[in-house]
Structures are given as C-alpha cells and as structure tokens.
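Structure assessment
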Amino acid sequence: MILLWLLLFIAVIVFLKYAYLITKRLLLIGKIKKKIKKQNGGLRYFRNPLSSVFRHDGGIDLTVSCHEKNIAVSVLTTPFHRVRYHFNDNGLLELIVERRGVFITNRNRPNISSVMDRYHTVRRYRIEFDDSEAENESQRYVILNPAPISVSKVDGSKITALCDDDILFDRIKVCGLKYFLENVI
C-alpha cells in the first residue's frame, strides 16, 4: 500500500511539473503575440506550440515576421531547473548540475580553505538544429524558457559560455525570452 501511495505521489509531481511547463509555454506565446500585434507583425506556427515541451528535437516552432525581417524561433523547454545547458556539437544537449564546496583545511587557521567543484550530468538530449526547414528565413533563434543558470558550448577544444544573442551554431543564435521581446522584435 505504501508503494502505491509513493507511485501516486511521483505521478502527481510529474503531472504538476509538465502542467507548469505548459503554462510557461502558453505565457511565452502570449507575450510574443502581444508584442507582434503592437508592431503589426505576423506569427506562423510550424508545428503544435506545445509539442516541443514533450519532444526535444530542435525543430522550428514558429516564425515571426516584423519590420521586413523573418525570424525562425525554436523554444527549448526542459523539466529541470538550476542546471547548465551544455551543447556538444550540433547534436547533443547535456543538462549539468554544478555544485561548489568550500572546505576549511586547517581548523586553527580558518582563512585557509580549499574549493572543490563537482558536476553531474542529469540528462542528455539528442537535439539537431536543422536549417533546411527555414532556408528563406533571415535569422534563427533558440529561446531557452524557463531560463537555465548558464549556457555553454564546445568551441573547438574550449568550452565557451554563451549569453544573449551569441551564436550557438552556424547562424543560430541563443537568447532568453526577455531579450527576444525587447531587442530582437
């Protein structure tokens, strides 16, 4: 009986998590529609707006046209918070949890301490950002919503931290919703 209650509790947690993500997605689409309506632009869906909440494939979710420019938008939503999104090549997304611990090495002299960083890969997704669907689009953006702690990518033999409007791959840029609404549209 305890096992049944435990499974029911886990199912409720998963249901609430995905309900939260769907709500965030609907709010994102509502904010984009509101901003585009003010600027007399257009919005076109490539697929169901909620499909990328459940299927993480990097496909184009919608296109935005305003001020004589077309923008193809992919929205990346994962059920994990407080993680770092790390892109390896154009095919693998790793969600990494980072922890930092500070240890006092000498109790008699508390100023002497050491720091130990630990990281753990929570989940890996096979994501491929394909430009064949949007050949005539002038720009391509990936919106990370809800926003992670940080975003990084492998650039040659280095790991590069990404911020808003940085190039992810080829001509694909990465940004958050706030930056997209204020600076891109």
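Residues numbered from 1 in each chain as written. Predicted model: local features only at pLDDT ≥ 70, side-chain atom pairs only at ≥ 80, totals over all residues. Heavy atoms only, no water.

We now examine the packing of aromatic side chains. Each pair of aromatic rings is reported with the distance of its centres and the angle of its planes. A full pass over the atoms with the stated rule returns three aromatic pairs. Summarising the aromatic geometry, the rings of tyrosine 18 and phenylalanine 54 are spaced 5.5 Å apart at their centres and angled 20° between planes, so their arrangement reads as stacked. With tyrosine 18 in helix α1 (residues 2-38) and phenylalanine 54 in helix α2 (residues 51-54), this residue pair connects regions lying 36 residues apart in the sequence. Taken together, a centroid distance of 6.2 Å and an interplanar angle of 85° make the contact between phenylalanine 87 and phenylalanine 169 edge-to-face. Linking phenylalanine 87 in strand β4 (residues 84-88) with phenylalanine 169 in strand β10 (residues 166-169), this pair joins segments that are 82 residues apart in sequence. (Phe/Tyr/Trp six-rings, centres within 6.5 Å; stacked < 30°, edge-to-face > 60°. Helix = DSSP H or I, 4+ residues; strand = E, 2+ residues; numbered from the N terminus.)

Turning to its location among the elements, threonine 78 is positioned in the loop between β3 (69-76) and β4. For threonine 78, a relative accessible area of 1% translates into the label buried. The contacts of threonine 78, once residues within four sequence positions are left out, are Leu21, His56, Tyr85, Leu95 and Tyr125. (Buried < 20%, exposed > 50% of the residue type's maximum accessible area, 1.4 Å probe, protein only. Contact = heavy atoms within 4.5 Å.)

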